[in-house]
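Descriptive structure summary
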Amino acid sequence: MFRSINSRLLLSYLTLITAILGIVTLSLVFFLVRNPRLAREAESNLLLAANALHRQQVATLQNADRATLENAAEQADTLLGVRVALLSPDGTVLVDSRADTEDELPAHEITSRPQGSAQIAEFSDSNEQTWIYTVRTLPKRFTLVIATLRPRAPLLSFFTDELFPPIWRAGLLALLLSLLLAFLMTRWITSPLQRVTAAARNLAKGQMRAIPLDGPSEIQSLAQTFNEMGNKVIASQQSQRDFVANVSHELRTPLTSIQGFAQAILDGTASSGAALKQAAQVVYDEAARMLRLVVDLLDLARLDAGSMPLDMQSIDVKGLLREVIEKTTPLANNAKIDLSLDSEGGIKITGDHDRLTQVFTNIFENAFKHTPAGGRVKILATTERGSAIVIVSDTGPGIPPEEVKRIFERFYQVDKSRKAGAGRGSGLGLSIAKQILKAHHATIHVESQPGAGSRFIIRLPLAQ
Ligand code: ADP
């Protein structure tokens with residue numbers, strides 16, 4: 001019951017309509033009960049009658065007897081519709097046009113009213129009727145009293161005859177309008193929601209269809225977030241598929257070599273001592289390559305899961321770079337590369353010594369691998385706004401702009417065909433380096449132009 005948007009909307013509209021009509025009716029009833037217009041009319045009639053009678057009675061009173069006065073009062077009552085009374089100076093009612101039908105006038109209360117009080121006063125009789133009256137002083141201190149009942153609105157009949165039909169009709173119209181509005185509003189809200197539901201079902205089946213952005217802004221932002229999420233899910237599914245394909249491919253190449261050379265040993269194709277040695281060497285190299293690949297993959301899996309233990313310690317950047325250079329110098333010398341280090345002393349960072357050695361080894365080796373003989377690799381270490389900066393620049397072929405942002409992707413290699421054989425990398429080095437640096441709250445980025453070399457810039461937070 002009332003679980004759907006439609007029924008909730010309808011219910012709230014109905015509540016609102018009832019509340020508004022109720023408030024309007026109540027205020028109208030309240031206004032009518034007091035009815036200031038009716039009261040004002042009665043008061044001004046009373047005053048008009050009083051003024052007219054005053055002038056007339058002054059003349060009549062001079063020598064009139066009681067019967068004449070009574071007659072005059074009754075005539076005035078019939079003519080003007082007001083109660084007319086005459087009080088003697090001692091407060092006795094001499095004449096009252098309604099003496100037979102109504103309660104006696106409170107003559108004492110009337111005559112004792114202070115001079116200068118409001119023109120119109122009122123009193124209540126024993127029948128709970130309220131009278132309004134005004135007085136005029138006549139010669140010989142007689143008092144003329146003109147009174148009339150305070151007008152009352154015929155409330156119930158007015159309510160049933162006048163007020164209820166339009167309110168009833170307005171309520172019906174509002175109900176029809178709210179049905180229409182609830183229907184339109186529901187359609188406005190639910191149709192984009194239904195599209196989100198359909199898109200979610202499709203996504204579960206592995207298909208991503210972007211949801212068009214329409215309807216209420218809240219649902220538009222839901223649809224937009226869903227579209228972003230869906231694209232990420234599809235991208236991550238694709239990258240998982242690519243990952244499996246890449247791993248299989250990277251493993252298949254060395255395994256095919258190993259199988260081929262083992263076969264050659266077995267079937268006697270490699271029978272001479274030199275051929276046997278070469279076959280064994282290939283088997284050894286390829287097995288080593290596979291081992292490196294498996295170690296890299298394990299590293300990546302642990303970095304992804306955040307489960308790689310980091311042995312954080314204080315590290316002197318210059319010392320660390322020197323160690324890595326020492327380890328990689330033979331490679332630089334073999335490639336006939338001029339290697340230089342320019343580092344400020346005393347730059348301290350906090351990190352895992354072995355993992356950072358792994359990062360810099362990978363970057364240096366890449367620089368040596370990609371710089372032609374006779375080229376230069378410069379390593380610069382400095383500090384800048386709370387960070388240690390290490391810049392590794394080479395005079396190699398550089399990286400095309402469209403590939404620069406991709407070299408940190410797993411298995412990505414700029415030109416896979418450029419390097420073959422045992423020296424060929426797997427394309428995992430830079431993605432591992434980036435993950436290790438991330439775990440150190442550090443960043444790496446590349447500036448490179450084809451033909452103008454590459455600069456790898458690593459920014460690590462200085463030790464506190
Ligand atoms: P690998 O070196 O095993 O191929 P990396 O992740 O270390 O994998 O590097 C990814 C790719 O980035 C390399 O294949 C190479 O194409 C490119 N690259 C890395 N360093 C350099 C460099 N200094 N100069 C030119 N290209 C580079």
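Calculation notes
Residues numbered from 1 in each chain as written. Predicted model: local features only at pLDDT ≥ 70, side-chain atom pairs only at ≥ 80, totals over all residues. Heavy atoms only, no water. Phe/Tyr/Trp six-rings, centres within 6.5 Å; stacked < 30°, edge-to-face > 60°. Buried < 20%, exposed > 50% of the residue type's maximum accessible area, 1.4 Å probe, protein only. Helix = DSSP H or I, 4+ residues; strand = E, 2+ residues; numbered from the N terminus. Lys NZ or Arg CZ within 6 Å of the ring centre and 35° of its normal. Axes fitted to C-alpha atoms, helices over the stretch in contact; angles between N-to-C directions. Left-handed = near helix turned anticlockwise from the far one by under 90°. Contact = heavy atoms within 4.5 Å. Nonpolar A, V, L, I, M, F, W, Y, C, P; charged D, E, K, R; others polar. Domains from an automatic or database assignment. Pairing = 2+ DSSP bridges. Salt bridge = Lys/Arg side-chain N within 4 Å of Asp/Glu carboxyl O. Core = buried A, V, L, I, M, F, W, Y, C linked by side-chain atoms within 4.5 Å.

**Overview of the packing of aromatic side chains**
One pass over the structure, following the stated rule, counts four aromatic pairs. Relative to tryptophan 131, the ring of phenylalanine 123 has its centre 6.2 Å away and its plane inclined at 15°; by these criteria the two rings are stacked. A residue is classified by how much of its surface remains accessible, and tryptophan 131, at 0% relative accessible area, is buried. Considering the side-chain rings of phenylalanine 360 and phenylalanine 364, the 6.1 Å spacing of their centres and the 45° angle between planes classify their relative orientation as tilted. Of this pair, phenylalanine 360 and phenylalanine 364 both sit in helix H9 (residues 353–370), separated by four residues, roughly a single helical turn. Chaining the aromatic ring pairs together yields one cluster made of Phe123, Trp131 and Tyr133. A cation over an aromatic ring shows up here: arginine 83 above the ring of tryptophan 131, its NZ or CZ 4.8 Å from the ring centre.

**Concerning the packing of helix H8 (residues 317–334) against H9**
Following both chains from N to C, one finds H8 and H9 inclined at 40°, their axes separated by 9 Å at the closest point. Remark: the crossing between H8 and H9 carries right-handed chirality. Packed against H8, whose contacting residues are Leu320, Leu321, Glu323, Val324, Ile325, Lys327, Thr328, Leu331 and Ala332, the element H9 presents His353, Leu356, Thr357, Phe360, Thr361, Phe364, Glu365 and Phe368 at the interface. Per-class residue counts for the contact of H8 with H9 are 10 nonpolar, four polar and three charged.

**A word on the domain arrangement of the chain**
The domain architecture assigned to the chain consists of domain 1 (5–33 + 156–192), domain 2 (36–152), domain 3 (211–308) and domain 4 (312–461). Between the C-alpha centres of domain 2 and domain 3 the distance comes to 114 Å.

**Some remarks on the sheet that holds strand E2 (residues 93–96)**
Taken in spatial order, the five strands make up an open sheet running E2-E1-E5-E4-E3, and their pairing is antiparallel. This sheet does not close on itself; its edge strands, each paired only once, are E2 and strand E3 (121–124). When strand polarity is set aside, the average angle formed by the axes of neighbouring strands in this sheet is 30°. Alignment of strand E4 (residues 130–137) against strand E5 (residues 143–149), held across seven bridges, turns out to be antiparallel. When the sheet's bridge partners are listed, threonine 134 is paired in E5 with isoleucine 146. Relative to the sheet, helix H3 (residues 66–80) contacts strand E1 (83–87) and E2, its axis offset from that of E2 by approximately 40°.

**Considering the pattern of salt bridges**
Side chains that carry opposite charge are capable of pairing whenever their charged atoms lie near each other. As enumerated under the stated definition, the model contains 15 salt bridges in all. Two residues, aspartate 77 and arginine 98, come together in a salt bridge whose shortest N-O distance is 2.9 Å. Residue aspartate 77 is found in helix H3, and its partner arginine 98 is found in the loop between E2 and helix H4 (107–111); the two are separated by 21 residues along the sequence. Neither aspartate 77 nor arginine 98 differs from the other in exposure class; each is buried. Through salt bridges with shared partners, a single ionic network connects Glu250, Glu286 and Arg289.

**Here's the deal with the environment of glycine 268**
Residue position: glycine 268 is located in the loop between helix H6 (217–267) and helix H7 (273–305). As a C-alpha pair, glycine 268 and alanine 301 span 33 residues in sequence and 41 Å in three-dimensional space.

**Digging into the environment of valine 95**
One can find valine 95 in strand E2. For the pair valine 95 and valine 390, spaced 295 residues apart in sequence, the C-alpha to C-alpha distance is 120 Å. Those residues within four positions of valine 95 in sequence are excluded, and the remaining contacts are Arg66, Leu69, Glu70, Ala73, Val84, Ala85 and Leu86.

**Quick word on the sheet that holds strand E9 (residues 376–384)**
Pairing within the open sheet is mixed, and its five strands lie in the order E7-E9-E10-E12-E11. Strands at the two margins of the open sheet, each flanked by one partner only, are strand E7 (338–343) and strand E11 (443–448). Direction aside, the axes of adjacent strands within the sheet are offset by 15° on average. Taken together, the eight bridges between E9 and strand E10 (residues 387–394) define a ladder with antiparallel strand orientation.

**Comments concerning the nonpolar core**
Core analysis: the largest hydrophobic core is formed by 47 residues, its most contacted members being Phe360, Phe364, Val390, Val392, Phe456 and Leu460. If you list the elements that add at least two residues to this core, you get H7, H8, H9, E9, E10, helix H11 (429–439), E11 and strand E12 (454–461). Examining the composition of this core, we find that seven residues originate from one element, H9, more than from any other. No fewer than three residues from each of domain 3 (211–308) and domain 4 (312–461) sit in this core.

**Here we look at the pairing of E1**
For E1, the tally of buried residues reaches five of five residues, placing the bulk of the element in the interior. The side-chain alternation of E1 yields two buried faces, one formed by Arg83, Ala85 and Leu87 and the other by Val84 and Leu86. The pairing of E1 with E2 spans three bridges and is classified as antiparallel. If you follow alanine 85 over to E2, its bridge partner there is aspartate 96.

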